[in-house]
Amino acid sequence: MTAGDWPEAAAAYAEALNRFPGSRSLRNNATYVAQEWTRSIEASGDALAVMQIASKLREMFPGSDDIARMGIETLKRSIGSRIDGQDYDGARQVIALARPAMSTAESHDLISML
């Protein structure tokens with residue numbers, strides 16, 4: 001495995017958590033990998049790819065909402081950055097994309113920032 005190979009790292013942690021489901025250390029590391037994987041993709045500005053990774057994380061880590069939510073948390077930060085940069089159309093597009101995976105309160109909070 002090479003540094004920054006987030007998909008391979010996520011697969012390794014998913015396998016390890018299947019073997020040792022109670023390991024807090026493995027869960028924390030898997031959450032970090034999920035966060036960094038989604039951030040690395042979000043840096044390219046591809047919100048759709050982040051959503052696809054979020055979906056993949058839900059499949060890889062069933063029942064681990066904290067890990068699966070990393071994609072949504074990354075998109076929420078992206079939306080906030082777009083709003084701060086006054087890219088309101090871009091923020092609306094990402095909200096529309098991420099809305100199905102967000103809670104109603106989360107999407108309303110983000111929309112109210114526009």
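Since this is a predicted model, take the numbers as computed values, not measurements.

Asker: What am I meant to see in the overall build of the protein here?
Answerer: The number of helices and strands found in the protein is seven helices and zero strands. Along the protein, helices and strands appear, N-terminal first, in the series α-α-α-α-α-α-α. The C-alpha extent of the protein, read off along each of the three principal axes, is 45 × 30 × 20 Å. A buried classification covers 39% of the 114 residues belonging to the protein. Taking as baseline every contact in the protein between residues at least 6 positions apart, the subset at least 24 positions apart corresponds to 53%. Total accessible area computed for the protein in this model is approximately 6500 Å², and 50% of it derives from carbon and sulfur atoms. Taken together, the 12 basic and 15 acidic charged side chains of the protein have centroids lying 4 Å from each other.

Asker: So what exactly am I meant to see when it comes to the nonpolar core here?
Answerer: Soluble globular proteins tend to bury their nonpolar side chains together. One finds Ala10, Leu17, Trp37, Leu57, Met60, Phe61 and Ile67 to be the most contacted residues of the largest nonpolar core, which totals 17 residues. Listing elements by their share of this core, those giving two or more residues are α1 (6–19), α2 (24–42) and α3 (47–60). Per-element accounting of this core gives the leading share, six residues, to α1. Counting 13 residues, the second largest nonpolar core, distinct from the first, contains Ala47, Met51, Leu75 and Ile79.

Asker: For this particular structure, what's the right way to read the pattern of salt bridges?
Answerer: Side chains carrying opposite charge are able to pair once their charged atoms draw close together. Under the counting rule described, the total for this entry stands at six salt bridges. Here Lys76 and Glu106 are joined by a salt bridge, their closest N and O atoms 3.0 Å apart. Taken together, the positions of Lys76 in helix α5 (residues 70–84) and Glu106 in helix α7 (residues 104–112) put the pair 30 residues apart, joining distant regions of the chain. The class for Lys76 is partly exposed, based on a relative accessible area of 24%. Ionic contacts of the salt-bridge type, sharing partners, join the residues Arg69, Glu73, Lys76 and Glu106 into one network.

Definitions and cut-offs
Residues numbered from 1 in each chain as written. Predicted model: local features only at pLDDT ≥ 70, side-chain atom pairs only at ≥ 80, totals over all residues. Heavy atoms only, no water. Helix = DSSP H or I, 4+ residues; strand = E, 2+ residues; numbered from the N terminus. Buried < 20%, exposed > 50% of the residue type's maximum accessible area, 1.4 Å probe, protein only. Contact = heavy atoms within 4.5 Å. Areas by Shrake-Rupley, 256 points an atom, 1.4 Å probe, with all protein chains shown as cover. Lys, Arg positive; Asp, Glu negative; His and termini not counted. Charge placed at Lys NZ, Arg CZ, Asp CG, Glu CD. Core = buried A, V, L, I, M, F, W, Y, C linked by side-chain atoms within 4.5 Å. Salt bridge = Lys/Arg side-chain N within 4 Å of Asp/Glu carboxyl O.

Interpretation in functional terms is not warranted from these geometric data alone.
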